[in-house]
Amino acid sequence: MKEKKGFAKMELSDANLQTLTEYLKKTLDPDPAIRRPAEKFLESVEGNQNYPLLLLTLLEKSQENVIKVCASVTFKNYIKRNWRIVEDEPNKICEADRIAIKANIVPLMLSSPEQIQKQLSDAISIIGREDFPQKWPDLLTEMVNRFQSGDFHVINGVLRTAHSLFKRYRHEFKSNELWTEIKLVLDAFALPLTNLFKATIELCSTHANDASALKVLFSSLILIAKLFYSLNFQDLPEFFEDNMETWMTNFHTLLTLDNKLLQTDDEEEAGLLELLKSQICDNAALYAQKYDEEFQPYLPRFVTAIWNLLVTTGQEVKYDLLVSNAIQFLASVCERPHYKHLFEDQNTLTSICEKVIVPNMEFRAADEEAFEDNSEEYIRRDLEGSDIDTRRRAACDLVRGLCKFFEGPVTGIFSGYVNSMLQEYAKNPSINWKHKDAAIYLVTSLASKAQTQKHGITQANELVNLTEFFVNHIQPDLKSANVNEFPVLKADGIKYIMIFRNQVPKEQLLVSIPLLINHLQAESIVVHTYAAHALERLFTMRGTNNTTLITNTEMAPFVEVLLTNLFKALTFPGSSENEYIMKAIMRSFSLLQEAIIPYIPSVITQLTQKLLAVSKNPSKPHFNHYMFESICLSVRITCKANPDAVGSFEEALFMVFTEILQNDVQEFIPYVFQVMSLLLEMHKNEIPSSYMALFPHLLQPVLWERTGNIPPLVRLLQAYLERGASTIASAAADKIPGLLGVFQKLIASKANDHQGFYLLNSIIEHMPPESVDQYRKQIFILLFQRLQNSKTTKFIKSFLVFVNLYCIKYGALALQEIFDSIQPKMFGMVLEKIIIPEIQKVSGQVEKKICAVGITKILTECPPMMDTEYTKLWTPLLQALIGLFELPEDDTIPDEEHFIDIEDAPGYQTAFSQLAFAGKKEHDPVGQMVNNPKIHLAQSLHKLSTACPGRVPSMLSTSLNTEALQYLQGYLQAASVTLL
């Protein structure tokens, strides 16, 4: 771990507190001209020592509540960005501050008002995620000791923090480290938690008539129930198994409890009683699913209690979470074989269908409100399946669960319902449309057995005829002339196409496409969003031989109306940054290919205007990503047909790009670099002057500080080198040290060293030799220093490719000379210690080819290999090369390196988002020179043997193993040459 070279220090003075207060106030200003500079100022001082302590002082002592809250949020975000220590990166918080924060944060959190307590509690769990238990051993004892305080504001603070600290146990992969940590937590926490649970329940009966006391006690019980879930998730701990009676009996009592004082008038917000019962349903479902044997004695009374709950709970929104968790409990029980008997009776099934499933499938007033006024949330819940806590989703899961053993009877019961609902609708559509909505929902939940985001439904119930239902009940709604009437049914119909796209025959999908394009004009956000999403999903479907199911020929009649309607949909209120529409634009471009060229001038204008507008305040990452993908596709498709068009794209885009770079719009910079690389790679010979003007700015260290910029910036610099190395050498030679400075920075980092090699390889391959002559030795010295300090597999693989590329470019003799000029006999050491033993680790077609051609040169074009002490390495090197050709790649990695992962860019900065359609073609630097490296080896050996007859065969016969010799004979035959 590297400490930053000395932290600048801010004094803990009143003046600094005052300054901080003023800037925090400005960060709340709605005017970006005031807000952005204040945010930038705070960002610029957050690296100073005492900065976090100043924030903590403010949130404790400030007189203004708004400043306290703002300081707490700023503090939490600061911890989130900087606490984690990333290997090879400077430590962003000095040790003294870390110690002070950990010493003060728990008491401060416990004494703060709830709003601030929540933020600090989150901060503790972020710190705990990194430091607990090793670097913060006393955290648990400090927390558990507070249970004795009897002050429930404090106790709830502890419980809330413990909950945010332990909830990751619900989704971590099993590992010894995790077990050790959970065991440590259980030893310290399980007994005090159980005692607190019992004590709190007793207090509830003591204070049964005191509303304000009950509120606090019930918030504690909710947190205790959540902690129970987290601590029991990975495995059934012995302690909880021994104390199951205490926990389950009390949970059961709480489920059946009703206290008038805890009932709320609010129809929307779930009250404490509902939240507690929902969590208990979750806990019971966890035990029923995972620990069914141990839980068996308690199961029947939980089924009864939860069934009663379901039958007696109203339709109000505040009960949604409770009802859906209760239904999920039944769903998880009914699909376990040994609980099957509880559900077998036809009357039980009918009663479940009638009393639980059908009522919870209804489209309620609250759903209608969300559909109209909060469409983004509605879409997220309905489309992306984050509607886990909706009644409908739970009812669907219960239908699927019941179908596992009782598909026939359940389908029979429901078919009756579906028919009567559709009849009701037909009597008076404008009043009874909700009946049809429920019918479609029922059919969908009955028919879909298995579903994936990528393919829609993958298994369907044989008893439901999906195509017939589609033609009779879905298509008529979508064919009606008015796209704005019955928007909910329109959305249902579109969703039906989307879900069953693999079951409905292709000709029906083709009939649907113009209908979907038409619905892009619907005013309802949900309807035009679903239409865009459905088109996007249909366009990605694969037909036979891996082409798209729907071809661009079939789409030809609709190109203009499709593009017009998609871009028009972005102008609807509420959809100006609609990611589904933008994704559909991207997918349409990708499917239609050159059919979009006539529309490009208007399309690119609209895309750049949109880019300019959103760059002022980027808030929708997915939308932005698809927008840049669409820009890349426009460039690619147009320039493939007409390479000279690249100039008109540059004219359209560069103005916006310059603005983005000048205003330092961090989210967009990596994208801009990728699009620029794509444009620059389109140029055939020279680099345009507009690019050369930007070149010096790309070397500024501040750009390289952000991890997300590194991959696209390296690629952009590679494009500069590929297209304009001679221009750089002649017009910007003073920038070469800066270029090598970037390489030096990257090579020092384990996470980014491969990027440093990409850059170095391009410099070696493309720069005129004389322009880098003076730096060559220094480059090798830097690489050797890194090899000595930390030699990782990834570094060695890159190093081998570089050394061989150097050899191809400058000749084997030059390679030997530069090594031996750094230190006598260095060349032999590199061959013996690195190239021969490690060459098997190189992966990738092009990389292997570079190494093969380079080693062939060392073997056949380097006189010292034939007549100095290096000669003893000649046969082992040839053997290693034949191994590279014939043996499987060695992908073993030493144990201590498993945690180094290139892809996992550390920290909380904008991670690098790779644009699929800005992709770079793989470049083969030896492509023209050598086609088949095995034949090239045979020819080179033949040439060497004509220069010194007799030597090569004798070296082979003495020490090359027989298997390698056989392979070599094969290469010689294939090349039809012999060795003299």
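As the structure is a prediction and not an experimental result, all values here were calculated from the model.

Brief notes about the overall build of the protein chain
- Per the secondary structure count, the protein chain includes 48 helices and four strands.
- Relative to its full complement of 980 residues, the protein chain shows a buried share of 53%.
- Pairs at least 24 residues apart make up 76% of the contacts formed inside the protein chain by residues separated by at least 6 positions.
- For the protein chain, the computed accessible surface area is about 42800 Å², with 52% contributed by carbon and sulfur atoms.
- For the protein chain, the centre of its 93 positive side-chain charges and the centre of its 117 negative side-chain charges are spaced 3 Å apart.

Focus on the packing of aromatic side chains
- Throughout the structure, instances matching the rule amount to 46 aromatic pairs.
- Ring centres 4.7 Å apart and planes at 50° place the aromatic pair Tyr806 and Tyr810 in the tilted group. With a gap of four residues between them, Tyr806 and Tyr810 both fall in helix H40 (residues 793–810), about one helical turn apart. Like Tyr810, Tyr806 is buried.

Observations concerning a negative patch on the surface
- There is a patch of like negative charges on the surface, built from Asp265, Asp266, Glu267, Glu268, Glu269, Glu369, Glu372 and Asp373.
- Here Asp373 lies in helix H18 (residues 365–373).

Side note on the pattern of salt bridges
- Counted according to the given criterion, the structure contains 41 salt bridges.
- With a shortest N-O distance of 3.6 Å, Arg364 and Asp367 are connected by a salt bridge. The burial state of Arg364 is the same as that of Asp367; both residues are buried.
- Where Asp890 meets Lys841, a salt bridge forms, and the shortest distance between an N and an O atom there is 3.9 Å. Of this pair, Asp890 sits in the loop between helix H45 (874–886) and helix H46 (933–947) while Lys841 sits in the loop between helix H42 (826–838) and helix H43 (845–860), and the two are 49 residues apart along the sequence.
- One salt-bridge network, held together by shared partners, links Arg129, Arg168, Glu172 and Glu181.

A few points about the environment of Arg715
- Considering the arrangement of structural elements, one finds Arg715 in helix H35 (residues 710–731).
- Leave out the neighbours within four places in its chain, and Arg715 touches Gln674, Ser677, Leu678, Glu681, Ala918, Gly919 and Lys920.
- At a separation of 3.0 Å, a polar atom in the side chain of Arg715 contacts the side chain of Glu681.

A few points about the UniProt feature "domain: Importin N-terminal" (unreviewed entry) in the protein chain
- Look at the UniProt record and you will see "domain: Importin N-terminal" (unreviewed entry) annotated at residues 38–111.
- As annotated, residues 38–111 comprises 73% helix and 3% strand, and the C-alpha atoms at either end are separated by 29 Å.

Section: helix H17 (residues 346–361)
- Compared with an ideal rise of 1.5 Å per residue, which puts 16 residues at 22 Å, H17 spans 21 Å between its outermost C-alpha atoms and is within 8% of the ideal.
- If you look at H17, its biggest bend is around 35°, right at Cys353.
- When H17 is considered as a whole, its buried residues turn out to be Leu349, Ile352, Cys353, Val356, Ile357, Val358, Asn360 and Met361.
- Buried positions along H17 lie against helix H15 (299–312), helix H16 (320–334), helix H20 (391–427) and helix H21 (429–447).

Structural notes on the packing of helix H39 (residues 776–789) against helix H41 (residues 812–822)
- Where H39 meets H41, the axes come as close as 10 Å, and the angle between the chain directions of the two elements is 65°. Classified by the interaxial angle, the pair formed by H39 and H41 is roughly perpendicular. Here the hand of the crossing between H39 and H41 comes out right-handed. Of H41, the residues touching H39 (which contributes Arg776, Lys777, Phe780, Ile781 and Phe784) are Leu815, Ile818, Phe819, Ser821 and Ile822.

A word on the nonpolar core
- The biggest cluster of nonpolar side chains holds 347 residues, and the ones touching the most others in it are Phe189, Phe329, Phe628, Tyr720 and Trp874.
- Considering each element in turn, this core owes the most residues, 15 residues, to H20.
- Residues lining this core come from more than one domain, with at least three contributed by each of domain 1 (1–131) and domain 2 (933–975).
- Excluding its chain neighbours within four sequence positions, the residues that come into contact with Phe329 are Cys281, Ala284, Ala285, Ala288, Leu299, Phe302, Val303 and Ile306.

Quick look at unusual backbone geometry
- With an omega of -5°, the peptide bond running from Phe132 to Pro133 counts as cis.
- Mapping Pro133 onto the fold places it in the loop between helix H6 (114–131) and helix H7 (139–145).
- Positive phi, normally seen in glycine, also occurs at Asn546, with a value near 60°.
- Structurally, Asn546 can be placed in the loop between helix H25 (525–540) and helix H26 (552–555).
- Using a relative accessible area of 58% as the deciding quantity, one classes Asn546 as exposed.

Some words on the side chain of Lys610
- Tracing the backbone through its elements, the reader meets Lys610 in helix H29 (residues 600–615).
- A polar atom in the side chain of Lys610 sits 2.8 Å from the backbone oxygen of Ser576.

Brief notes about the side chain of Arg160
- Here Arg160 lies in helix H8 (residues 152–166).
- What Arg160 contacts, discounting residues up to four positions off in sequence, is Glu114, Gln117, Lys118, Ser121 and Leu223.

Some details on the environment of Lys610
- Relative accessible area serves as the criterion here: at 18%, Lys610 is assigned to the buried category.
- Expressed as a C-alpha distance, the spacing of Lys610 and Ala947, which sit 337 residues apart in the sequence, is 67 Å.
- Those residues in contact with Lys610 that sit more than four places away from it in its chain are Leu570, Ser576, Met582, Phe623 and Met627.

Topic: the state of the cysteines
- Scanning the entire structure with this criterion turns up zero disulfides.
- Considering cysteine sulfurs only, Cys403 is the nearest to Cys396, which forms no disulfide, with 11 Å between them.
- Given the relative accessible area of 7%, Cys396 is considered buried.
- With no disulfide of its own, Cys807 lies 7.8 Å from the sulfur of Cys862, the closest cysteine sulfur.
- Residue class for Cys807 comes out buried when judged on its relative accessible area of 0%.

What to know about the environment of Leu203
- Tracing the sequence through the fold places Leu203 in helix H9 (residues 176–206).
- Judged by relative accessible area, Leu203 falls into the partly exposed class, the value being 29%.
- C-alpha of Leu203 to C-alpha of Ala213: the two residues are ten residues apart in sequence and 9.0 Å apart in space.
- In contact with Leu203, other than residues within four places in its own chain, are Phe152 and Leu217.

What about the confidence of the model for the protein chain?
- Here the protein chain averages 91 in pLDDT, while 95% of its residues score no lower than 70.
- Of all helices and strands in the protein chain, the one with the weakest mean pLDDT is strand E1 (residues 2–3) (40), whereas helix H27 (residues 559–569) scores best (98).
- Ignoring residues within four places in sequence, the model shows residues 1–5, a span with pLDDT below 50, making twelve contacts including any to other chains.

Rules used throughout
Residues numbered from 1 in each chain as written. Predicted model: local features only at pLDDT ≥ 70, side-chain atom pairs only at ≥ 80, totals over all residues. Heavy atoms only, no water. Helix = DSSP H or I, 4+ residues; strand = E, 2+ residues; numbered from the N terminus. Buried < 20%, exposed > 50% of the residue type's maximum accessible area, 1.4 Å probe, protein only. Contact = heavy atoms within 4.5 Å. Areas by Shrake-Rupley, 256 points an atom, 1.4 Å probe, with all protein chains shown as cover. Lys, Arg positive; Asp, Glu negative; His and termini not counted. Charge placed at Lys NZ, Arg CZ, Asp CG, Glu CD. Phe/Tyr/Trp six-rings, centres within 6.5 Å; stacked < 30°, edge-to-face > 60°. Patch = residues over 30% accessible without salt bridge, like charges linked within 9 Å, V, L, I, M, F, W, Y side chains within 5 Å. Salt bridge = Lys/Arg side-chain N within 4 Å of Asp/Glu carboxyl O. Polar contact = N/O pair within 3.5 Å; in protein donor to acceptor, adjacent residues only side chain to side chain. UniProt positions renumbered as here; feature names shortened; annotations may be inferred. Expected span 1.5 Å × (residues − 1). Bend = angle between axes of the 7 residues up to and from the residue. Axes fitted to C-alpha atoms, helices over the stretch in contact; angles between N-to-C directions. Parallel < 35°, antiparallel > 145°, perpendicular 65-115°, else oblique. Left-handed = near helix turned anticlockwise from the far one by under 90°. Core = buried A, V, L, I, M, F, W, Y, C linked by side-chain atoms within 4.5 Å. Domains from an automatic or database assignment. Disulfide = S-S within 2.5 Å. pLDDT = per-residue confidence, 0-100.

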